[in-house]
Amino acid sequence: MQRSSRGAAAGLWRAVQQSKGNALQDVSTFVPKPLLGPSCSPSLLHQLRQCLSTATIQQQAVAGGQQLGNSSWRQALKDLKQLSKFRLSALVALTGSAGFVAGSGEHVDWAGLAWTSLGTMGAACSANALNQLYEIGNDARMRRTSNRPLPSGRMSPAFAAGFALASGAAGLGILYFKTNELTAGLGAANIGLYAGVYTPLKQLTVFNTWVGALVGAIPPLMGWASAAGQLEWGSGVLAAALFSWQMPHFMALAWLCKVGEALCIDVYMR
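Residues numbered from 1 in each chain as written. Predicted model: local features only at pLDDT ≥ 70, side-chain atom pairs only at ≥ 80, totals over all residues. Heavy atoms only, no water.

## Things to note about the packing of aromatic side chains
Inspection of every chain in the model, using the stated rule, returns three aromatic pairs. Here the aromatic rings of Tyr194 and Tyr198 are separated by 5.3 Å at their centres, their planes lie at 25 degrees, and the arrangement is stacked. With Tyr194 and Tyr198 both in helix H9 (residues 181–201) and four residues apart, the pair spans about one turn of that helix. For the ring pair Trp210 and Phe243, a centre distance of 6.1 Å and an interplane angle of 35 degrees mean the geometry is tilted. Taken together, the residues Trp210 in helix H10 (residues 208–228) and Phe243 in helix H11 (residues 233–256) connect sequence positions 33 residues apart. You can call Trp210 partly exposed: its relative accessible area is 43%. (Phe/Tyr/Trp six-rings, centres within 6.5 Å; stacked < 30°, edge-to-face > 60°. Helix = DSSP H or I, 4+ residues; strand = E, 2+ residues; numbered from the N terminus. Buried < 20%, exposed > 50% of the residue type's maximum accessible area, 1.4 Å probe, protein only.)

Rendered as structure tokens:
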């Protein structure tokens, strides 16, 4: 009797291995009846099949839940990158770090550079999130921006506002406590200038282009102020270079608008 039980257990293990999670597969196909022994009734086979099916369903549910969880996290991270315009924010932080290096002289404080870049990144993420909060309606009407987190409904305005507040507070806090008041003040001014002046003016006048160019010229000033503790003529040269570069950039986009009104609206309202 014991030998028959051991044989039945071994046969069941082989059945589980061969079934590979197929809840609808009949166990009796894989377990030889002689191995189960004469004491194995059809009801036992039915119970074994139900047990295998239940275990398989549980495994599939766990795997599906894990896959859904991983997908949700990936989508959430993707949405946060879109909300903060991560690549653009990283570029802003890079221009700020260039100003820091240029204003450091012969010796660069690498820890200070890291804090300045991180704080500038936080401020830029906040400004970009506020920009998208303001333009939910406009983004929803354009094909290129309609799939952003806010107009698509994947993210609530309240969450986006919380993210903007948190990233802005973190960025400006880092700049204030790890660099100096001047750098933090420039960062706060740039958030206000981008989200509070440039963004609304996009609907009113083409002169918003000049405001946008000014916004792009401030990060090098922030980096220089962080390194030197003040603004000097060299920081003005960097800011002027960034300001001058942005005007041809915007004008090139304006030239593309001549191709058609739809393209003009899509490019200009980005």
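So much for the structure itself; the text now carries on.
## Let's talk about the side chain of Thr120
Within the element layout of this structure, Thr120 appears in helix H5 (residues 110–134). Thr120 gets classed as buried once you look at its relative accessible area, which sits at 2%. Apart from residues no more than four positions distant in its own chain, Thr120 is found in contact with Val92, Ala93, Leu175 and Met222. (Contact = heavy atoms within 4.5 Å.)

## A closer look at unusual backbone geometry
Trans peptide bonds make up the majority, and among non-glycine residues the majority have a negative phi. The backbone phi angle of Lys85 is positive, close to 45 degrees, even though this residue is not glycine. If you trace the backbone, Lys85 turns up in the loop between helix H3 (42–84) and helix H4 (86–103).

## Side note on the UniProt feature "transmembrane region" (unreviewed entry) in the chain
Those places that UniProt annotates as "transmembrane region" (unreviewed entry) correspond, in this numbering, to residues 86–104, 110–134, 155–176, 182–199, 206–227 and 247–269. From the first C-alpha to the last, residues 206–227 spans 35 Å; its make-up is 91% helix and 0% strand. (UniProt positions renumbered as here; feature names shortened; annotations may be inferred.)

## Focus: the nonpolar core
Core analysis: the biggest nonpolar cluster contains 18 residues, and Leu186, Leu193, Tyr194, Tyr198, Ile218 and Met222 have the highest contact counts within it. When contributions to this core are tallied by element, the ones reaching two or more residues are H5, H9, H10 and H11. Per-element tally for this core: the top contributor is H10, with seven residues. Among all residues touching Tyr194, those that are not within four sequence positions of it are Lys85, Ala127, Asn128, Asn131, Thr199 and Val215. In terms of nonpolar packing, the next biggest core, distinct from the first, is built from six residues, Leu83, Ala129, Ala160 and Ala164 among them. (Core = buried A, V, L, I, M, F, W, Y, C linked by side-chain atoms within 4.5 Å.)

## Quick notes on the packing of H4 against H5
At their nearest, the axes of H4 and H5 sit 8 Å apart, and the two run at 145 degrees to each other. Remark: the crossing between H4 and H5 carries right-handed chirality. Contacts between H4 and H5 pair Phe86, Leu88, Ser89, Ala90, Val92, Ala93, Ser97, Phe100 and Val101 from the former with Gly112, Leu113, Thr116, Ser117, Thr120, Met121, Ala124, Cys125 and Asn128 from the latter. Tallied by class, residues from the contact of H4 with H5 come to 11 nonpolar, seven polar and no charged. (Axes fitted to C-alpha atoms, helices over the stretch in contact; angles between N-to-C directions. Left-handed = near helix turned anticlockwise from the far one by under 90°. Nonpolar A, V, L, I, M, F, W, Y, C, P; charged D, E, K, R; others polar.)

## What about the pattern of salt bridges?
Taken as a whole and judged by the stated rule, the model has three salt bridges. Notably, a salt bridge pairs Lys202 with Glu135, separated by 3.4 Å at the nearest N-O pair. Of this pair, Lys202 sits in the loop between H9 and H10 while Glu135 sits in the loop between H5 and helix H6 (136–140), placing them 67 residues apart in sequence. Take Lys202 and Glu135: they sit in the same class, and that class is buried. (Salt bridge = Lys/Arg side-chain N within 4 Å of Asp/Glu carboxyl O.)

## What about H10?
For H10, with 21 residues, the first-to-last C-alpha span of 31 Å sits near the 30 Å given by 1.5 Å per residue. Extensive coverage of H10 is indicated by the burial of 17 of its 21 residues. Looking one or two places after H10, you find Gly229, whose phi comes out positive at around 80 degrees. (Expected span 1.5 Å × (residues − 1).)

## Description of a nonpolar patch on the surface
Together, Leu88, Leu91 and Leu94 give the surface a local cluster of nonpolar side chains, amounting to about 270 Å² of exposed area. Among the structural elements, Leu94 can be located in helix H4. (Patch = residues over 30% accessible without salt bridge, like charges linked within 9 Å, V, L, I, M, F, W, Y side chains within 5 Å. Areas by Shrake-Rupley, 256 points an atom, 1.4 Å probe, with all protein chains shown as cover.)

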